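# Breakdown of the fold
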Amino acid sequence: YNNRKCADCELCTKLVPENTNNYKNTTLELFIQDLLTKYDVKFKTSVRSVIYPHELDAYIPSKNTAIECNGIYWHSDQNKPKEYHYNKFKKCQEKGIQLISIWEDQIIKYPDKVRAIILSKLGIYDERVYARNCTIKEVPSKECNVFLDNYHLQGKTNSSIRLGLYYNGELVSVMTFGKGRKCLN
């Protein structure tokens, strides 16, 4: 944000390389488009007709799913109204569309996690494990933290109750419960 505010600062070129003039398809959007194309998922880009006047970056009609690519600068509170993302989510929900919102820093820091989450939401798996074939057990704190760090965007959490699904002795899913967090607002 600060780099775009001052004229003498060099722009970050990690997500939008210099001299491309292509802010329509940012690297975030290309990441999603490449992923969907690799798995032969039919999708449309820059769709405004579904929740007009808002745009969906990638829309997959066959799955009633949309993917939103949120850049840190353009989607910040300084550039979007406070309720913008929530309202977009609600409009999609009213149309029966699941909206997956992906943030720039998530793609930069955790591209494999983002890829796995999107594929899972679309029902694309290397191996599908059914809950009926699993065992429910309490998960030790250390094992839970490792699992969450490996597969959850927010990583480990403090929790007093940790339940997991185990398939052939391997933890494949976890849910945690803890004390509620206080809201700062």
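Placed above this text is the structure.
Below: a short report on this structure. (Residues numbered from 1 in each chain as written. Predicted model: local features only at pLDDT ≥ 70, side-chain atom pairs only at ≥ 80, totals over all residues. Heavy atoms only, no water.)

### Describing the overall build of the protein chain
The helix and strand tally for the protein chain stands at six helices and seven strands. Ordered by position from N to C terminus, the α and β elements of the protein chain give α-α-β-β-β-α-β-α-α-β-α-β-β. Each of the 185 residues in the protein chain was classed as buried or not, and the buried ones make up 32%. Expressed as a percentage of contacts within the protein chain between residues at least 6 apart in sequence, the contacts between residues at least 24 apart total 55%. Just so you have it, the protein chain exposes about 13,000 Å², and 48% of that area is on carbon and sulfur atoms. (Helix = DSSP H or I, 4+ residues; strand = E, 2+ residues; numbered from the N terminus. Buried < 20%, exposed > 50% of the residue type's maximum accessible area, 1.4 Å probe, protein only. Contact = heavy atoms within 4.5 Å. Areas by Shrake-Rupley, 256 points an atom, 1.4 Å probe, with all protein chains shown as cover.)

### Some remarks on the sheet that holds strand E5 (residues 135-138)
Spatially, the three strands line up as an open sheet ordered E5-E6-E7, and their pairing is antiparallel. Taken across any chain shown, the strands that pair with only one partner, and hence form the sheet edges, are E5 and strand E7 (170-177). Going across the sheet, the axis of each strand differs from the next one's by a mean of 25°, ignoring polarity. Bridge analysis of E5 against strand E6 (residues 161-167) gives four bridges, and the strand direction is antiparallel. Residue pairing for E6: Thr 135 is matched across the bridge by Tyr 166. On top of the sheet, helix H6 (residues 141-151) reaches E6 and E7; it is set at about 100° to E7, its chief contact. (Pairing = 2+ DSSP bridges. Axes fitted to C-alpha atoms, helices over the stretch in contact; angles between N-to-C directions.)

### What to know about the layout of surface pockets
If you add up the space inside the largest pocket, you get close to 1,200 Å³. Around the largest pocket, the lining is made up of 30 residues, and of these Ala 116, Ser 120, Tyr 125, Tyr 151 and Val 172 lie nearest the centre. It is helix H5 (residues 111-121) that provides the largest number of residues to the lining of the largest pocket, a total of seven residues. Of the residues that constitute the lining of the largest pocket, the class distribution is 19 nonpolar, four polar and seven charged. (1 Å grid on protein atoms, 1.4 Å probe; cavity = no way out; pocket = protein on both sides within 12 Å on 5 of 7 lines; lining within 4 Å. Points joined across faces, edges and corners; volume = space filled by probe spheres on them. Nonpolar A, V, L, I, M, F, W, Y, C, P; charged D, E, K, R; others polar.)

### Focus on a nonpolar patch on the surface
On the surface, Ile 161, Met 175 and Phe 177 cluster together into a nonpolar patch covering about 280 Å² of accessible area. Among the secondary structure elements, Phe 177 is positioned in strand E7. Owing to a relative accessible area of 41%, Phe 177 belongs among the partly exposed residues under this scheme. (Patch = residues over 30% accessible without salt bridge, like charges linked within 9 Å, V, L, I, M, F, W, Y side chains within 5 Å. Salt bridge = Lys/Arg side-chain N within 4 Å of Asp/Glu carboxyl O.)

### Notes on the pattern of salt bridges
In the structure shown here, the tally under the stated rule is three salt bridges. Across the salt bridge formed by Glu 68 and Lys 88, the nearest N and O atoms sit 2.8 Å from each other. With Glu 68 in strand E3 (residues 65-70) and Lys 88 in helix H3 (residues 84-94), this residue pair connects regions lying 20 residues apart in the sequence. Each member of the pair, Glu 68 as well as Lys 88, is classed as buried. We note a salt bridge from Arg 115 to Asp 112, for which the minimum N-O separation is 2.6 Å.

### Focus on the sheet that holds strand E4 (residues 98-103)
With mixed pairing, the four strands of this open sheet are ordered in space as E1-E2-E3-E4. Edge positions in the sheet fall to strand E1 (44-47) and E4, since each has one partner strand and no second. In this sheet, neighbouring strand axes are inclined to one another by 30° on average, regardless of whether the strands run parallel or antiparallel. As paired strands, E1 and strand E2 (residues 56-60) are joined by three bridges and run antiparallel to one another. Bridging from a neighbouring strand, Thr 45 pairs with Ala 58 of E2.

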